[in-house]
Each structure stands twice: as structure tokens, then as C-alpha cells.
Amino acid sequence: MRLKLNPEAKTVYRSIQEEIKRRLVLPESASLLDEFGPVSDREEILRRQAYFRGTLPWIRPELKDYLSKVRHIKFRRDFLHDRILVVDESELERAEKLGLCEVTTEIEDTEGYPLVLSTAGYGIDVELVPSQIAPELYVMPLWENLETLKALAKIGELTGRESVAGEILRSLEGLREVMEKRKTLDDLEELIVEKERELNERISEKLERFSLTLSGKELLEFLSELKVGNYEAIFSHFGEVEGEILDLINEAENELSERIGITIELFSREELYPVSVPPERVEMLREELEKELKVELYLRSREILEEVMPLLQRLKEELSAVHELDFLQAVKDFAGNFTFPKIHNGGIAFINGRHLFIENPQPVSYVVGRKPESFDVPGSEVVKDEKVVILTGANSGGKTSLLELITQITLLAHMGFPVPAEKAWVEPLDELFFFRRKRSAYGAGAFETALRSFVRALRGEGRKLILIDEFEAITEPGAAVKIIGELLKVAHERGFHVVIVSHLGEDLKAELPFARVDGIEAQGLDENLNLIVDRQPAFGKLGRSTPELIVERLARKKRGKEREIFERVLRAFRER
Ligand SMILES: Nc1ncnc2c1ncn2[C@@H]1O[C@H](COP(=O)(O)OP(=O)(O)OP(=O)(O)O)[C@@H](O)[C@H]1O
């Protein structure tokens, strides 16, 4: 059963959700939070508390960095055009149904396919299962998500639950060499152009040096040999250079071969300078390389998949568990130093509660309904398990904030979450109402609306907590006492718990003997007439109002006749 909330209580619930949501690192984890909506069922609350008690201690702050690196790994079925499967007539239908690649019974059809697989002994031997026909469909998504796998392995270490990712990563190492060659293939043209340029540079250097050595005495010899027609000597001179250039070309080709893993003759030997690679030769090389790599990638993938296949189910589970971990780290970050409330019987109480949205709030202790035995807050001796409480006090004393704090603690408790307090007791409710003061609403219309919502909260049965912020602001004080007084009597008769903020504490108290009046006490005013407030309400004690404090301050400050008048006004307050 869900805890019913009126619109303003719902708004508080949403702001709590937002606080937790903004701590998630993966947006998809948000759906988990929705499963923790407030419920009225005591068993369910206790079950959730047990769940958090069991899981939150495992959550470490470093987890967040690794969770943010996890991406969903998608394994997609695909039709692969680079392979053909040769099968026996009897298997044809089953093979085609797999829909992974072209299937045939004729060996002639395999022409032009880099990969020929067969269940009938005509190519690489396979069985009719996707993991043998298209192992790349499993292995490539893993390879493309190395970061995710590394993060999962680390998350496993951090949470003390060993991940299968480590083992998968070790198997995937077997793919590195092929993948590096593939990368070289992508950059093939660039690589060759670069080699060509480098080679031509070196040859041109050599030629330059050669022309220089020829410039002196040698040139004269050269000419004289030319005159007598001694061509052999001339050629041997040139031959030496030619040999050196060929050496350079071989060296460059060897380097390239090593990079791409096959032996090649790329550069033309006809024209030695400048050397160049004919484009058709680059194309041929590319095709040959591609074919080789396809086969290599297939074989490697198949080997790896054999090791990895039994781990994939666990991997999937770990990937979805990541969202749960993300949810838990957000809860821990939000509620790390909170406490689990005790399930209470009759009302709500907390010691040193801290408002969620006030920075460095003064902790406040409060009780509505049955006072727990260990509620040992100073001044609480006067508390008599009152279900209806009238909260009074100076302007800006923190009355609205206290109602908000009660709402926050109630909501979190019903979500099964820990609450921002040192100790807390919460009775599982059926309904929670929070009525804010409508600052801009005046006049009969606004009054009527407020009255109707209050009465709606009062009708019907169930365990209810009703929080009302200053109802009389929209009506005359005299009428307000009558209306509020009567409505609070109804609430009391029905056993509902109510906290109502009001400046009419004194008058209401006279009408309602069963109610408690608490006051947020201003301790005084500072020299700028700012209130010095103790946010902790005093139990069973009316809070002094701001005008009273101002009168008091003036009475203390002034002299003579003026002072006498101020003192008389002050006495009027005290005698009320
Ligand atoms: N426990 C607290 N610790 C620190 N600051 C607080 C606390 N409670 C309230 N305040 C601050 O005091 C200011 C006034 O609070 P709030 O509006 O709740 O007072 P109020 O009594 O409802 O005032 P009003 O009489 O105008 O309705 C706010 O700025 C709020 O942030």
C-alpha cells in the first residue's frame, strides 16, 4: 500500500527524489529509485531497511568513478557478408534460419568470399551454432567496451564480489595483435605515402653526395674513360649507387612488412628515383591484407569465445547490478550519516533532526503523539503524548522549516530510508498532508479553498498526519479561533496527528485542553533588530512574538517617561 500524499507533500517527496537522483552517475539507474516510493506497510518498510542495512556498508566512495565508466554492452545479431557457409542439403534450412551469413550446398558458390565455413568439410570446420559461425558478433562488442570491462573488474574489487570481467579481459588480450594490424590497414595509404617520402629523401641525399664526390679528380677520369669508350668502368661506378638505392628500398619494404604482417614488394624497381608505389599495387595489398585479417580475426574470435562464452550470463547480471550499485552509492552519499527510524506506535518523534535543504541547520528535536521512552530531550518532561500540537513563535523563527523537516523525516521513513536525525520513531501512516501558507492568497476565495482542503483531510478513516502552516493568515483572528478550534476537535476525536502553526496559541489552548502549545523562542534581538532564535521549540510553552521583543528592547533602551510607557505595554503582553 502506497502512502497517500497531498500535492504539497508530493512536492517535498519530489525534491527528496531529486536530491538522490542528482547523485546518480548513470541516468538509467533512476528507475530503481521509483521503486522506493513511500509505503504504509510496516513489513515493507522493515524489509527495505534491512536491505539498506545489508548493502550500504559495502558502498565505497571511489565506486562512483568506476560506475561512471560503465556502458551497456549491446550484442547484436547481424548478417555477415564476408563469409559463406557450405552445408549438406539436410542442414540447409536450419543453417539459413540462423540468418548469420550466406548459405550454400555448392562449393562453386564460395568464390570470392574471404571466409569459407563448412559443416561438410569444404572450408573451416564449424558446427551449426552462432558462436562458431559468427564469433565476432560476441567478441567485438566486448573488445569495443574494454573500458567498461576494466571498470567492472575494479567495481568487483571494491565491493568484494569478484567480477568475471577480469577473466574476459585476459582472454581478449589474444585479439590485440589482429586489432593492431587492422588499425594499420586503416592508415595504409598514409603509411605508404610517408614511407615513399622518407625513401625519396634518403635517395636524394645519397645522389647529392655522389654528385659531389664526382666533382673533382674523378670527373676528369670519368671523362677520359668516356673518351676511350670504357663504359664498364662508368657503369660500375653507377652500379654502386644503384645497389645502395636498392638496399634502401628493401629496407623500407621490410619495415612495412613487419608492421602489416605480410611480405610485400611495393616500390617499382624500374625507376629508382623518385621511387613511387603504383596505386593498383596499394589496392591489391589492401585486399590481400583485408582477407588475411578477416580469417585471422575469425579464428582468434572463435578461440576467445570458447573461453568467454560461459561467462557472458554472469557479465550481463553484473551489468544490471551496476544500476543497483549506482542507486546505492547515491543513497549512501545522500544519507550516509542518517539513521534508520524505529517503527513507532502512535505518532512521530526525532532527536536532533536536520532539515535537508538548509545549510548547516540547527538540529531540532520534536515529538507529536506518543513520546518514546528514550526521548530524553531537555524540557520534554511536560510532553503528554498529545496528538494535536499548536506551534507558535516569532516571525522567521523556523516554524515552516520544522513542518518541512517533519515531512522529510516522515517521507524518508516511509520510503524505508534512513532519516536525517540522531534518533527517530515513525508510525507507518496511511496519509500525509502538508498545507503550506499561501503567501499571495488573500480574501474569501483563498480562505474557502484552504478550508475545503483541511476538511477533506479530516474526512475518512486511517492513520493520518496533518501539518498546517498558519491558517488564520487568511481570515480574521476571532473567526479563525472558532474555525480552527472546531476542526482540531474533529481531528482529535478521530485520532489524527496534527501540527498547526498559529499565532493564536493562547486562545486555541483555552478551547482545546487536549492540545499542546509549543513555542519557538526568540532569545532576543541583536542591535540591528535581528532575531536571535533558538530553532528548538520549547515544549508546552508559548513563543514570544517579534513585536513583543521589539517593545522589550525599547523599554530597556529608553529613559524616563518613554521608558515608562514601553514598560506598561510590555506588562500588557506578560499579563495576557
Ligand atoms: N533549524 C534551523 N537551522 C538554521 N536555520 C533555520 C532553521 N530553521 C529555519 N531556519 C531559517 O530561518 C528562516 C526562517 O524560517 P521559516 O520560514 O521556517 O520561519 P517561520 O517561523 O515559518 O517564519 P514566518 O513566521 O515568516 O512564517 C529561514 O531562512 C530558514 O532557513
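Just so it is clear, the model here is predicted, and its values are computed rather than measured.

> Please clarify how the sheet that holds strand β1 (residues 4–5) should be interpreted in this entry.
Two pairing modes exist for strands in a sheet, parallel and antiparallel, and in both the strands are linked by backbone hydrogen bonds. Taken in spatial order, the seven strands line up as β1-β11-β12-β13-β9-β14-β15 in an open sheet, and their pairing is mixed. The strands lining the two open edges of the sheet, one partner per strand, are β1 and β15 (531–538). Here β1 pairs with strand β11 (residues 431–435) via two bridges, running parallel. When the bridges of β11 are listed, K4 appears paired with E431.

> What should I look at first to understand the domain arrangement of the protein chain in this one?
Frequently, the measure chosen for interface size is the accessible area that the parts lose on association. Domain assignment breaks the protein chain into domain 1 (1–56 + 339–544), domain 2 (183–293) and domain 3 (545–576). Taken over C-alpha atoms, the centre of domain 1 sits 34 Å from the centre of domain 3. Taken residue by residue, the interface counts 12 residues in domain 1 and nine residues in domain 3. Summing both sides of the interface, domain 1 and domain 3 together bury roughly 880 Å²; the carbon and sulfur share of this comes to 60%. Where domain 1 touches domain 3, the interface holds zero residue pairs in polar contact (both at pLDDT 80 or more).

> What is the right way to look at the sheet that holds strand β3 (residues 101–104) in this model?
Pairing is parallel in the open sheet, where four strands are placed in the order β3-β2-β4-β5. Both outer strands of the open sheet, β3 and β5 (124–125), are each paired with one neighbouring strand and no more. Note that strand β2 (residues 80–86) and β3 share four bridges and pair parallel. Bridging from a neighbouring strand, L80 pairs with C101 of β3.

> Can you help me understand the layout of surface pockets in this one?
Sizing a probe to match a water molecule and rolling it over the atoms shows the empty space that remains. Its boundaries defined by the atoms lining it, the largest pocket holds a volume of some 550 Å³. Within the residue set of the lining of the largest pocket, elements represented by two or more residues are β2, α7 (136–144), α10 (176–186) and α14 (279–308). Looking at the lining of the largest pocket element by element, the count peaks at five residues for α7. Taken together, the residues of the lining of the largest pocket sort by class into seven nonpolar, two polar and 11 charged.

> Would you mind showing me how to read the nonpolar core here?
Soluble, globular proteins show a tendency: their nonpolar side chains are buried together. Ranked by internal contacts, the top residues of the largest apolar core, which has 119 residues, are L315, F350 and F417. With 11 residues, the single largest contributor to this core is helix α15 (residues 312–335). Looking at which domains feed residues into this core, each of domain 1 (1–56 + 339–544) and domain 2 (183–293) gives three or more. Setting aside chain neighbours within four positions, we find L315 in contact with I73, L142, L149, L152, V164 and I168. Formed by 25 residues, the second largest nonpolar core is a distinct cluster that contains F435, V481, L488 and I500.

> Mind showing me how you'd approach unusual backbone geometry here?
Glycine aside, the phi torsion of most residues is negative, and most peptide linkages are trans. Positive phi values are uncommon outside glycine, yet N360 reaches one of about 40°. The residue N360 is located in the loop between β7 (347–353) and β8 (364–369) in this model. A positive phi angle, near 55°, is found at D385, a position not held by glycine. As for its placement among the helices and strands, D385 is situated in the loop between β8 and β9 (388–393). You can call D385 partly exposed: its relative accessible area is 38%.

> Looking at this structure, how should I read the packing of aromatic side chains?
Any pair of aromatic rings gets described here by the distance separating the centres and the angle formed by the planes. Counting across every chain of the model gives 12 aromatic pairs. Ring geometry for F52 against F327: centres 6.2 Å apart, planes inclined by 45°, an arrangement best described as tilted. Of this pair, F52 sits in helix α3 (residues 42–55) while F327 is found in helix α15, placing the two residues 275 residues apart along the sequence. Geometrically, the ring pair formed by Y366 and F539 is stacked, given 5.9 Å between the ring centres and 25° between the ring planes. Note that Y366 is positioned in strand β8 and F539 in the loop between β15 and α20 (546–557), a separation of 173 residues in sequence. Accessibility classification places Y366 together with F539 in one group, the buried group.

> Sorry if this is basic, but what is going on with the site of the ligand here?
For the ligand, the set of nearby residues contains 14 residues, the closest of which are Q362, G398, K399, T400 and S401. With respect to the ligand, the side chain of T400 contributes an N or O atom lying 2.6 Å from an oxygen atom. Here an oxygen atom of the ligand sits 2.6 Å away from a polar atom, N or O, in the side chain of S401. When isolated, the ligand has an accessible area of 630 Å², and the protein chains bury 74% of it.

Conventions and cut-offs
- Residues numbered from 1 in each chain as written.
- Predicted model: local features only at pLDDT ≥ 70, side-chain atom pairs only at ≥ 80, totals over all residues.
- Heavy atoms only, no water.
- Pairing = 2+ DSSP bridges.
- Helix = DSSP H or I, 4+ residues; strand = E, 2+ residues; numbered from the N terminus.
- Domains from an automatic or database assignment.
- Contact = heavy atoms within 4.5 Å.
- Buried area = accessible area lost by both parts, 1.4 Å probe.
- Polar contact = N/O pair within 3.5 Å; in protein donor to acceptor, adjacent residues only side chain to side chain.
- 1 Å grid on protein atoms, 1.4 Å probe; cavity = no way out; pocket = protein on both sides within 12 Å on 5 of 7 lines; lining within 4 Å.
- Points joined across faces, edges and corners; volume = space filled by probe spheres on them.
- Nonpolar A, V, L, I, M, F, W, Y, C, P; charged D, E, K, R; others polar.
- Core = buried A, V, L, I, M, F, W, Y, C linked by side-chain atoms within 4.5 Å.
- Buried < 20%, exposed > 50% of the residue type's maximum accessible area, 1.4 Å probe, protein only.
- Phe/Tyr/Trp six-rings, centres within 6.5 Å; stacked < 30°, edge-to-face > 60°.
- Near = heavy atom within 4 Å.
- Areas by Shrake-Rupley, 256 points an atom, 1.4 Å probe, with all protein chains shown as cover.

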